[in-house]
Amino acid sequence: MGNDTLTIPSPADFHVHLRQGEMSELVAPHVAEGGIDLAYVMPNLVPPITSADQANAYIQRLQELAPKTKFLGTLYLHPELTPEEIQRAAASGVRGVKSYPRGVTTNSDSGIEDYEMYYPVFEAMQKNNMVLNLHGEVPSDEEKGICVLNAESRFLSHLEKIHQNFPKLRIVLEHATTRAAVDCVRRLGETVACTITPHHLDLIVDDWAGRPINFCKPVAKLPDDRAALREIIREGHPRFFLGSDSAPHPLANKYPSASSLGSAEALVHNCGCAAGIYTSPILLPLCATLLESFGALDQLSKYVSENGRRFYQEPAANGKTVTLRRVNQQVPCVYVHPSYSASSDDDSKKLQIVPFFAGKTLTWELEQ
Ligand code: NCD
Ligand code: ZN
């Protein structure tokens with residue numbers, strides 16, 4: 001293998017949002033286009049996925065839309081979730097349960113408020129070898145001094161407490177953004193792991209303030225936090241790996257324009273932009289480009305394949321690999337659902353997604 005190609009064992013993305021309806025039709029096939037063979041899919045649909053039957057129907061639908069990819073399903077942690085349903089879900093192939101603290105991100109209105117009420121569910125998960133996926137932020141609360149910049153570090157005591165009470169339960173702290181989170185996961189036991197997104201390896205606060213394309217939850221933090229994420233990937237630590245948190249939103253929700261909102265009054269009440277960064281169609285070349293930029297290209301295989309697969313007990317099929325070639329390629333500015341023709345249809349009616357790195361150059365591409 002020369003310096004200009006890289007071959008790695010079957011890559012896996014252990015945190016991806018593939019939505020439903022038309023959006024799903026557009027984005028599910030992008031997982032394979034981005035070089036990923038295995039996708040662990042988040043349950044924050046509308047309504048959220050809270051039963052084994054719903055999860056299995058959803059995974060089957062994704063499998064029809066994108067037969068080349070292997071999809072693994074999850075449930076949304078919710079007061080009605082019972083230990084019996086956990087057992088049913090585990091027996092039918094559902095691999096994990098995702099917890100969203102209430103109101104902190106997209107479609108988290110049904111999220112959790114207190115973990116102790118879920119201990120019977122965690123007990124059943126531990127027994128059935130299921131993974132607990134934590135969105136590690138507490139809700140903003142001015143009286144308690146909590147805002148988006150410290151929401152993750154203030155969450156870590158919850159992680160530690162759940163781990164203490166359920167030492168055998170496999171837990172993933174999702175999309176870590178802070179040095180505090182990296183240090184915490186490193187300190188905890190073998191059953192605690194952490195996903196790191198490529199965008200958090202690249203962005204800091206300045207990149208999303210005023211720029212909806214780079215806005216996601218948790219928000220990217222300070223340069224020293226980004227340095228900690230880069231260091232742990234450069235080290236190849238076995239419990240840190242790729243979960244892209246690729247989270248597509250229609251262009252109109254990322255950039256609500258004054259005209260689409262109608263009146264100035266509507267604008268005042270509804271001027272926010274959706275949280276979520278879209279990376280699925282460029283994922284592996286993006287990871288290679290970024291890791292190379294901070295001297296960690298030799299850890300690519302651990303980051304995108306080995307570490308996550310080991311933790312999730314999903315070994316790569318023997319001999320299944322993906323090869324990247326060193327070639328400059330420009331990231332498209334927009335992905336459009338195929339049912340809309342590029343030229344004739346009214347732009348405002350098309351389903352369009354602007355990806356991360358739009359218009360920028362990646363230094364690697366997938367070998368076809
Ligand atoms: C995610 C989404 O859009 O579903 N958004 C995000 O900013 N990451 C939800 C999530 O994982 O927090
Ligand atoms: Zn997510």
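Residues numbered from 1 in each chain as written. Chains lettered and ligands numbered in written order. Predicted model: local features only at pLDDT ≥ 70, side-chain atom pairs only at ≥ 80, totals over all residues. Heavy atoms only, no water.

- With an unreviewed UniProt entry as reference, the protein is termed dihydroorotase, source organism Malassezia psittaci.
- Entered under Sequence similarities (unreviewed entry) in the UniProt record, the comment concerning the protein runs "Belongs to the metallo-dependent hydrolases superfamily. DHOase family. Class II DHOase subfamily." (UniProt positions renumbered as here; feature names shortened; annotations may be inferred.)

## Considering the sheet that holds strand S10 (residues 240–242)
Item 1. Across the sheet, which stays open at both edges, the six strands sit in the order S5-S6-S7-S8-S9-S10 with parallel pairing between neighbours. One side of each edge strand has no neighbouring strand; the edge strands of this open sheet are strand S5 (74–76) and S10. Averaged over all neighbouring strand pairs, the angle between strand axes comes to 30°, with direction disregarded.
Item 2. Sheet analysis places strand S7 (residues 131–135) next to strand S8 (residues 170–174), joined by five bridges and oriented parallel. Within the sheet, the bridge partner assigned to Asn133 lies in S8 and is Val172. (Pairing = 2+ DSSP bridges. Helix = DSSP H or I, 4+ residues; strand = E, 2+ residues; numbered from the N terminus. Axes fitted to C-alpha atoms, helices over the stretch in contact; angles between N-to-C directions.)

## Looking at the site of ligand 1
Item 1. Taken together, 14 residues lie around ligand 1, and Arg19, Asn44, Thr105, Lys217 and Asp245 are the ones closest in.
Item 2. The contact in question runs from an oxygen atom of ligand 1 to an N or O atom on the side chain of His17, over 3.0 Å.
Item 3. Separating an oxygen atom of ligand 1 from a side-chain N or O atom of Arg19 is a distance of 2.8 Å.
Item 4. If you map ligand 1 onto the pockets, it falls in the largest cavity.
Item 5. Across the shell around ligand 1, the residue classes break down as three nonpolar, eight polar and three charged. (Near = heavy atom within 4 Å. Polar contact = N/O pair within 3.5 Å; in protein donor to acceptor, adjacent residues only side chain to side chain. 1 Å grid on protein atoms, 1.4 Å probe; cavity = no way out; pocket = protein on both sides within 12 Å on 5 of 7 lines; lining within 4 Å. Sits in = over half its atoms within 2 Å of the grid points. Nonpolar A, V, L, I, M, F, W, Y, C, P; charged D, E, K, R; others polar.)

## Some details on the side chain of Asp37
Item 1. The residue Asp37 is located in the loop between helix H1 (21–33) and strand S3 (38–41) in this model.
Item 2. For Asp37, a relative accessible area of 15% corresponds to the buried category.
Item 3. In terms of polar contacts, Asp37 uses its side chain to reach the side chain of Lys320, at 3.4 Å.
Item 4. Those residues within four positions of Asp37 in sequence are excluded, and the remaining contacts are Ser10, Pro11, Lys68, Thr69, Lys70, Arg309, Lys320 and Val322. (Buried < 20%, exposed > 50% of the residue type's maximum accessible area, 1.4 Å probe, protein only. Contact = heavy atoms within 4.5 Å.)

## Brief notes about helix H4 (residues 119–127)
Item 1. Those residues of H4 that sit buried are Tyr119, Val121, Phe122, Ala124 and Met125.
Item 2. Of the surrounding secondary structure, the elements contacted by the buried residues of H4 are helix H3 (83–91), strand S6 (96–99), S7 and helix H5 (156–165).
Item 3. Backbone geometry just downstream of H4 places Asn129 in the positive-phi region, at approximately 60°.

## What about the coordination of the zinc ion (ligand 2)?
Item 1. Within the protein, His15 (NE2), His17 (NE2) and Asp245 (OD) serve as the donor atoms for the zinc ion (ligand 2), at 2.0 Å.
Item 2. Given four donor atoms and angles of 92 to 146° at the metal, the environment of the zinc ion (ligand 2) is assigned as irregular.
Item 3. Sequence spacing of the donor residues for the zinc ion (ligand 2), all on one chain, is H-x1-H-x227-D. Here the residue His17 occupies a position in the loop between strand S2 (12–16) and H1, and Asp245 occupies one in the loop between S10 and helix H9 (251–254), the gap between them amounting to 228 residues. (Donors = N, O, S within 2.8 Å, 3.2 Å for Na, K, Ca; no water. Tetrahedral: all angles 85-135°; square planar, octahedral: opposite > 155°, others 65-115°.)

## Things to note about empty space enclosed by the protein
Item 1. Following the criterion strictly, the structure yields two cavities of 30 Å³ or more and no others.
Item 2. As a volume, the largest cavity reaches approximately 120 Å³.
Item 3. By residue class, the composition of the lining of the largest cavity is five nonpolar, nine polar and four charged.
Item 4. Its boundaries defined by the atoms lining it, the second largest cavity holds a volume of some 80 Å³.
Item 5. In terms of lining, the second largest cavity is formed by Ile213, Ala247, Pro248, His249, Lys254, Tyr255, Gly276, Ile277, Tyr278, Ile353 and Val354.
Item 6. Per-class residue counts for the lining of the second largest cavity are eight nonpolar, two polar and one charged. (Points joined across faces, edges and corners; volume = space filled by probe spheres on them.)

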